[in-house]
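Listed below are the residues making up each chain.
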Amino acid sequence: MAKASASATPAVPRRSWFWLQGVICGVAVAVVPGTALMIGVLMAPAFATYAMEQGKTRPLARGMMLRGAACTFMPLRVLWEHGGSLDASLDLLSDPGRPLLAWTACGAGWLAGQLADILTRLALDARSARALRQLTQERDKLIVEWTDEQPPK
Amino acid sequence: MATSPKEAAAALIGGLYAVDFDQPMPNAAPPLTTYAASRGGVPGFMAVAVSRGWPARGRALGAVSNLGTPHMLPPVAHGPTTMPGGETGYFVICPAPPGPSLLANLRAWPEAELTDFVLKPMALALGELQARDVTHRAIRPDNLFQSAPRTPVTLGCAWATPPACHQPSWMEPAYSAVCLPAGRGDGRIADDVYSLGALMVMLALGANPVEGVPDEEVLRNKLEFGSYSAIVGNHRLPPILVDLVRGMLADDPEHRPSPALLANPAAARARRIAARPARRAQRPIEVGGQHAWTSRMLAHALMRAPNAASPMLRNGTIDRWLRRGVGDVTAASAIDEAARMRDAEVLAADGKADAMLITRSIALLDPAAPLVWRGLAIWPDGLANALDNALHFAPEQAEALAEIATAQVPTAWVEKRGGGRDATVSRLEGLETRHWFTGSRTGAGAWRLSYHLNPMVPCESPATARAWVVRLADILPALEATAARSPRGDQPLVDRQIATFIEARRDERLDVDLSRLAGAMTAPDLLSQLRLLARLQGKLSTTDLPNLSRWAADAVQPMLQHFSSRSRRQRLAERLSALAQAGQLAPMAAMLDDEPEQESDKHGLAGAKARLAEIEAALAEWSELAEIKAAQARRVGHEVADGVGLLACVVALGFAVFG
């Protein structure tokens, strides 16, 4: 066991950028707290999904972020027109329509990701079944025509 | 059921003669089966049945058909016809006998009646036959007929069997009596004169002069004392007949009067030829229990006891007896030479060399004796009939008779007996016969020889058993009739007998297929059989053969399995069936011979195999790559969803910035 471990190639430790994300968030909260709050609240489902989703590409979180972002630009502009303060941000967020719309968009993004998975699988299965059927039919015809055997069921 | 005019015409023999099977004529040509026959409704004819194994005399039937003499029943037609049981029989049509046979009213004939009503008419009849180079060989009391007392007798039918085969042994010369009944050969007209002489003795006495004496004893008496003494014995003949009969019963055929001379009895009586008496030894030699006093008797003993004779010939016992006992140094030297020749030929372990020694020795001792091989005596021109007869009734004899051909025995026999046919010619004939036997590609050399040597021998195939097939042209109609009557079962299209028959009555165009059939008798080459029949049909321009074609289609159906393509097999089977309906064999053979079709099938099979391999590989690969493809598809789906999201994002940003 020890011998096997010794002979194995030593794994290169994967570099983590999590600390950088923390720094950026901290800087954003410190410098533009209103904007950070606005983005944090409106994009909260997307960020939560990002944190929970496994895998390198995180396709669900990606879709939710894109759609959440689409619903965040307009409130951010309004925020910035009102000075971009934390109070303005809280004021704008007090309107439940804004977070509801953003979270709905995030949900739509999640749904689109799930549907894309299901639909492509269905499409693929249909195409495979058709091709398989064609191949099997051709094989059966050849067996019946050229051999005295029965085609496999 | 009414028969069509065509069928009715076919039932007539020679297109003219109808056989009435309800009217047998038991004593018209004994011992043969005979029926009354008519020509255009006019009676007065008889149909003599030919039996298998006893072939009719083909050459004589052709040569004697228009005989001018009224003292003989010539064959007026011959051919096959259907008998009541449905089988086909072969019949020789002759005029019906004018009255009962002489045997039926056997009595002692006065001398004048004998000469006027027996000798003279018979001499005229035999003269006619001699002019046509034909012999009768059936002069016996039950085959001579008389319409009324004191009328000329009429000689009966002798054409439906091999020559002399039914002759009583005592009425034949010794050299003919010792032969197998079917192997006596045509002989010569002098042999008929001999039989006529014996008949005259019987008629003069009113009884069989050797009644109760075994044939073998009569034969030995003929060899020892001469035919006249053996037959007449102590009986008293009218003085005028004595000289005549003595001449007719001369042992040397050259010494017998000719038919022309017999027509003038006075002249025949006056002709006296003194035959040199045979040298007689002081003490006899015993060979196999038989005592021989003369060379002729010794030859007969060698024939009867070949196993005992062979060592005696080899160790010089016979040589010494000939030198010292008989005083015939020439014969002794010749026998000695033959024995030495035998020692040089000691190749065959089966006694063939010994048999050849016996044959040569008999020919040397008695040049008048027939050919003897392994105890069987025949005349070479009777080989065909003897062989056919033996093939039917005595297979063990057939083997020995066939060996006569393979071992070229007639050549050796002719060389030793001297005179007769030129030895060179005989050798060539021997080679030809040997070729006919050993060259058989169907493995039935004896039958082939039999078919070849005698054109009247019918094909003995079970498939043609109910027909009487003597010509090549008859074989397809016979097979067609058989096919119409019964299902094919598992019998081949062309069995060994049919192939041998075709080979014997051969046509060079059929040789290729016969060659292919040579080894095919165990594992039938159906295509060659079909091809052979097709060529036969084409060559003989036979009409359609729908039943035989259906038989053939049924037989060659398994051959379609050689094609790999199922649809092609089905298509060909349908075509085969359609061609069979048409009754033409050649298109069926051509269809199975179609090389482009076979090549196409082979190419198709190769292509199908390759494509099957491709498909199997694709199917195996499909299951292996399913997960990878699914992951790829998922990624593509998400990318599409991302694209839509990105577009929404860009639009929203645009509104936010510029809106």
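Note that the structure is predicted; figures quoted are calculated from it, not measured. (Residues numbered from 1 in each chain as written. Chains lettered and ligands numbered in written order. Predicted model: local features only at pLDDT ≥ 70, side-chain atom pairs only at ≥ 80, totals over all residues. Heavy atoms only, no water.)

**Q** Explain the domain arrangement of chain B residue by residue, including any values.
**A** All names here are of chain B. Each assigned domain of chain B is listed with its residue range as follows: domain 1 (5-95), domain 2 (111-270), domain 3 (277-362) and domain 4 (462-593). In this structure, domain 2 and domain 3 have C-alpha centres spaced 32 Å apart. Listed by partner, the interface residues are nine residues for domain 2 and 10 residues for domain 3. In total, domain 2 and domain 3 occlude about 840 Å² of area from one another, counting both sides; carbon and sulfur atoms represent 46% of this. For the pair domain 2 and domain 3, the interface holds three salt bridges. At the boundary of domain 2 and domain 3, one finds five residue pairs in polar contact (both at pLDDT 80 or more). Looking at the side of domain 2 that touches domain 3, the element that brings in the most residues is helix α6 (residues 215-225), giving six residues. Residue classes in the side of domain 2 that touches domain 3 are distributed as four nonpolar, no polar and five charged. (Domains from an automatic or database assignment. Contact = heavy atoms within 4.5 Å. Buried area = accessible area lost by both parts, 1.4 Å probe. Salt bridge = Lys/Arg side-chain N within 4 Å of Asp/Glu carboxyl O. Polar contact = N/O pair within 3.5 Å; in protein donor to acceptor, adjacent residues only side chain to side chain. Helix = DSSP H or I, 4+ residues; strand = E, 2+ residues; numbered from the N terminus. Nonpolar A, V, L, I, M, F, W, Y, C, P; charged D, E, K, R; others polar.)

**Q** Give a detailed account of the nonpolar core, specifying residues and quantitative values.
**A** All names here are of chain B. Counting residues in hydrophobic clusters, the biggest one holds 113 residues, and the most contacted among them are Leu298, Leu302, Leu322 and Leu401. Leave out the neighbours within four places in its chain, and Leu298 touches Ile285, Val287, Ala292, Ile318, Trp321, Leu322 and Leu365. Counting residues in hydrophobic clusters, the runner-up holds 68 residues, among them Val48, Met122, Val210 and Ala268. (Core = buried A, V, L, I, M, F, W, Y, C linked by side-chain atoms within 4.5 Å. Buried < 20%, exposed > 50% of the residue type's maximum accessible area, 1.4 Å probe, protein only.)

**Q** So what's going on with the packing of helix α13 (residues 317-326) of chain B against helix α14 (residues 329-344) of chain B? Residues and values would help.
**A** All names here are of chain B. Interhelical geometry of α13 versus α14 gives an angle of 165° and a closest axis separation of 8 Å. The angle between α13 and α14 falls in the class roughly antiparallel. The handedness of the crossing between α13 and α14 comes out as left-handed. Across the interface between the two elements, Ile318, Asp319, Leu322 and Arg323 of α13 pack against Val329, Ala331, Ala332, Ser333, Ile335 and Asp336 of α14. Looking at side-chain class alone, the contact of α13 with α14 contains six nonpolar, one polar and three charged residues. (Axes fitted to C-alpha atoms, helices over the stretch in contact; angles between N-to-C directions. Parallel < 35°, antiparallel > 145°, perpendicular 65-115°, else oblique. Left-handed = near helix turned anticlockwise from the far one by under 90°.)

**Q** How would you explain the interface of chain B and chain A if you had to name every residue and give the values?
**A** Listed as interface residues are 36 residues of chain B and, on the opposing side, 31 residues of chain A. Contact between chain B and chain A buries roughly 3000 Å² in total, counting both sides, with carbon and sulfur atoms accounting for 66%. Inspection of the chain B/chain A interface yields four salt bridges. A salt bridge links Arg62(A) to Asp642(B), with the shortest nitrogen-to-oxygen separation between them at 2.3 Å. There are nine residue pairs in polar contact (both at pLDDT 80 or more) connecting chain B and chain A. Of all the elements in the fold, those that place two or more residues in the side of chain B that touches chain A are α26 (566-582) and α28 (595-658) of chain B. By residue number, the principal contributor to the side of chain B that touches chain A is α28(B), which donates 29 residues. When the residues that make up the side of chain B that touches chain A are grouped by side-chain class, the tally is 19 nonpolar, eight polar and nine charged.

**Q** Quick one: what's the story with a nonpolar patch on the surface, residue by residue and with numbers?
**A** Taken together, the side chains of Trp17(A), Trp19(A), Leu20(A), Val23(A), Ile24(A), Val27(A), Val31(A) and Val32(A) make up a nonpolar region of the molecular surface, amounting to roughly 780 Å² of accessible area. For Val27(A), the location among the structural elements is in helix α2 (residues 18-31). (Patch = residues over 30% accessible without salt bridge, like charges linked within 9 Å, V, L, I, M, F, W, Y side chains within 5 Å. Areas by Shrake-Rupley, 256 points an atom, 1.4 Å probe, with all protein chains shown as cover.)

**Q** Help me get a handle on a positive patch on the surface, residues and values and all.
**A** A cluster of like positive charges, contributed by Arg127(A), Arg130(A), Arg133(A) and Lys629(B), occupies part of the molecular surface. Ranked by residues supplied to the positive patch, first place goes to helix α8 (residues 97-146) of chain A with three residues. (Lys, Arg positive; Asp, Glu negative; His and termini not counted. Charge placed at Lys NZ, Arg CZ, Asp CG, Glu CD.)

**Q** Can you lay out the pairing of strand β3 (residues 42-50) of chain B for me, pointing to particular residues and giving the numbers?
**A** All names here are of chain B. Sheet topology places strand β2 (residues 34-39) next to β3; five bridges connect them, and they run antiparallel. Paired with Thr34 across the bridge in β3 is Val48. What sits between β2 and β3 in their antiparallel hairpin is a turn of two residues, with Gly40 showing a positive phi close to 60°. (Pairing = 2+ DSSP bridges.)

**Q** Tell me about the confidence of the model for chain A, and name the residues and values.
**A** The predicted coordinates of low-pLDDT regions are not to be read in fine detail. On average, residues of chain A score 85 in pLDDT, and 90% of them reach the 70 mark or higher. Helix α1 (residues 2-7) of chain A is the least confidently modelled element of chain A, averaging 43 in pLDDT, while helix α3 (residues 33-42) of chain A averages 92, the highest of any element. (pLDDT = per-residue confidence, 0-100.)

**Q** So, unusual backbone geometry: which residues are in play, and what are the values?
**A** Residues and elements named next belong to chain B. Omega for the bond connecting Pro30 with Pro31 falls within 30 degrees of zero, at 5°, which places this linkage in the cis form. Inspection of the secondary structure puts Pro31 in the loop between β1 (17-24) and β2. Despite not being glycine, Asp133 shows a phi value in the positive range, around 60°. Along the chain, the position of Asp133 falls in the loop between α3 (111-131) and β6 (144-145). Phi at Arg150 takes a positive value of approximately 60°, unusual for a residue other than glycine. Structurally, the position occupied by Arg150 is in the loop between β6 and β7 (154-155). Arg150 gets classed as exposed once you look at its relative accessible area, which sits at 54%.

**Q** Describe in detail the packing of aromatic side chains, supporting the description with residues and values.
**A** All names here are of chain B. Here the structure, examined in full by the defined rule, presents 10 aromatic pairs over all chains. For the pair Trp447 and Tyr451, a centre-to-centre distance of 5.7 Å together with 35° between the ring planes defines the contact as tilted. Within this pair, Trp447 and its partner Tyr451 are both found in helix α20 (residues 445-453), separated by four residues, close to a single helical turn. Residue class for Trp447 comes out buried when judged on its relative accessible area of 15%. Aromatic ring contacts, followed pair by pair, group Phe21, Tyr35 and Phe91 into a single cluster. When the ring centre of Trp109 is taken as reference, the NZ or CZ atom of Arg107 above it lies at 4.4 Å. (Phe/Tyr/Trp six-rings, centres within 6.5 Å; stacked < 30°, edge-to-face > 60°. Lys NZ or Arg CZ within 6 Å of the ring centre and 35° of its normal.)

**Q** Give a detailed account of the side chain of Gln290(B), specifying residues and quantitative values.
**A** Looking at the element boundaries, Gln290(B) is found in strand β9 (residues 290-292). For Gln290(B), the residues in contact, after removing those within four places along its chain, are Arg220(B), Ile285(B), His300(B), Ala301(B) and Arg304(B).

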